[in-house]
Every structure is written in structure tokens, then in C-alpha cells.
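Summary of the model geometry
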Amino acid sequence: MLTEVIWSDYYVYLHKYKEDNKMDLQARKLNIIEHLIAMQDEKVCAKIEKLIDKAEHAIKPDLKVLTKEELMGRAQKSNEQIDQSCVISQEDLESQAENW
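This text gives an overview of the structure that appears in the document. (Residues numbered from 1 in each chain as written. Predicted model: local features only at pLDDT ≥ 70, side-chain atom pairs only at ≥ 80, totals over all residues. Heavy atoms only, no water.)

Looking now at the overall build of the protein chain. Check the secondary structure of the protein chain and you find 5 helices and 0 strands. Written out in order from the N terminus, the α and β elements of the protein chain read α-α-α-α-α. Across the 100 residues in the protein chain, those meeting the buried criterion constitute 8%. Element-wise, carbon and sulfur atoms account for 58% of the exposed surface of the protein chain, whose accessible area totals about 9,500 Å². (Helix = DSSP H or I, 4+ residues; strand = E, 2+ residues; numbered from the N terminus. Buried < 20%, exposed > 50% of the residue type's maximum accessible area, 1.4 Å probe, protein only. Areas by Shrake-Rupley, 256 points an atom, 1.4 Å probe, with all protein chains shown as cover.)

Take a look at the structure:
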């Protein structure tokens, strides 16, 4: 309960500070680090770790491990596409990527 009040107060403080001072991302991260260093509540730390894990998973989902056969199949398909001139130059790819 106390930790919820602290984090609620911190959120209000940080939100107001960001609006008043146009706090940049680097300053915000440093501010969070300072608060994490001073934190003594294991439950809050565990909640933060879960949030970080959830955010990282959303950004970078678990990657599938390929078998040797799958990897070899992909390489063979790539070689076949190269032989059939189904390729694009780096320059063309970069030009197309600008429109994404």
C-alpha cells in the first residue's frame, strides 16, 4: 500500500516535472535509475522487473531456434534465388526503405 502511494506520488511528480521542464529521455532514465538505487522494497523491484520483461518481450519476441536442416534449406533457397537473379541491390533496397 505504501509503495503504491510512493509510486503514485512519484508518477505525479515526474509527470509535472516533465511538463514543466520538457525533460528529455536521457534525464528521465537517469532519474529512474536514481530512484531504483534508493529503493528498498523487494515487491516493487519485482514488479518493475516484470514490466521490463514484458516490454522486452513485446519488442523482441522469443526467437525460434532453427534446426540444421531448416538453416540449410533457407541457405539453399537463397542460393537458388541468387542464381535466378531474384535479388535487389543494397542501394535499391535503401531507396525502397525510405518509403516504408
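Nonpolar side chains collect at one region of the surface, where Leu-30, Ile-33 and Ile-37 lie side by side and expose about 310 Å² of accessible area between them. Here Ile-33 lies in helix H2 (residues 25-38). (Patch = residues over 30% accessible without salt bridge, like charges linked within 9 Å, V, L, I, M, F, W, Y side chains within 5 Å. Salt bridge = Lys/Arg side-chain N within 4 Å of Asp/Glu carboxyl O.)

To continue, consider helix H4 (residues 68-83). Side chains three or four residues apart in an α-helix point the same way, a direct result of the helix having 3.6 residues per turn. Spanning 16 residues, H4 covers 22 Å between terminal C-alpha atoms, matching the ideal 22 Å at 1.5 Å per step. For H4, a buried count of 0 out of 16 residues is recorded, marking the element as mostly open to its surroundings. (Expected span 1.5 Å × (residues − 1).)

Of note in this structure, Ser-85 is not a glycine but carries a positive phi near 60°. Note that Ser-85 resides in the loop between H4 and helix H5 (90-97).

Below, the discussion takes up a negative patch on the surface. Together, Glu-42, Glu-49, Asp-53 and Glu-56 give the surface a local cluster of negative charge. Relative to the assigned elements, Asp-53 resides in helix H3 (residues 42-59). (Lys, Arg positive; Asp, Glu negative; His and termini not counted. Charge placed at Lys NZ, Arg CZ, Asp CG, Glu CD.)

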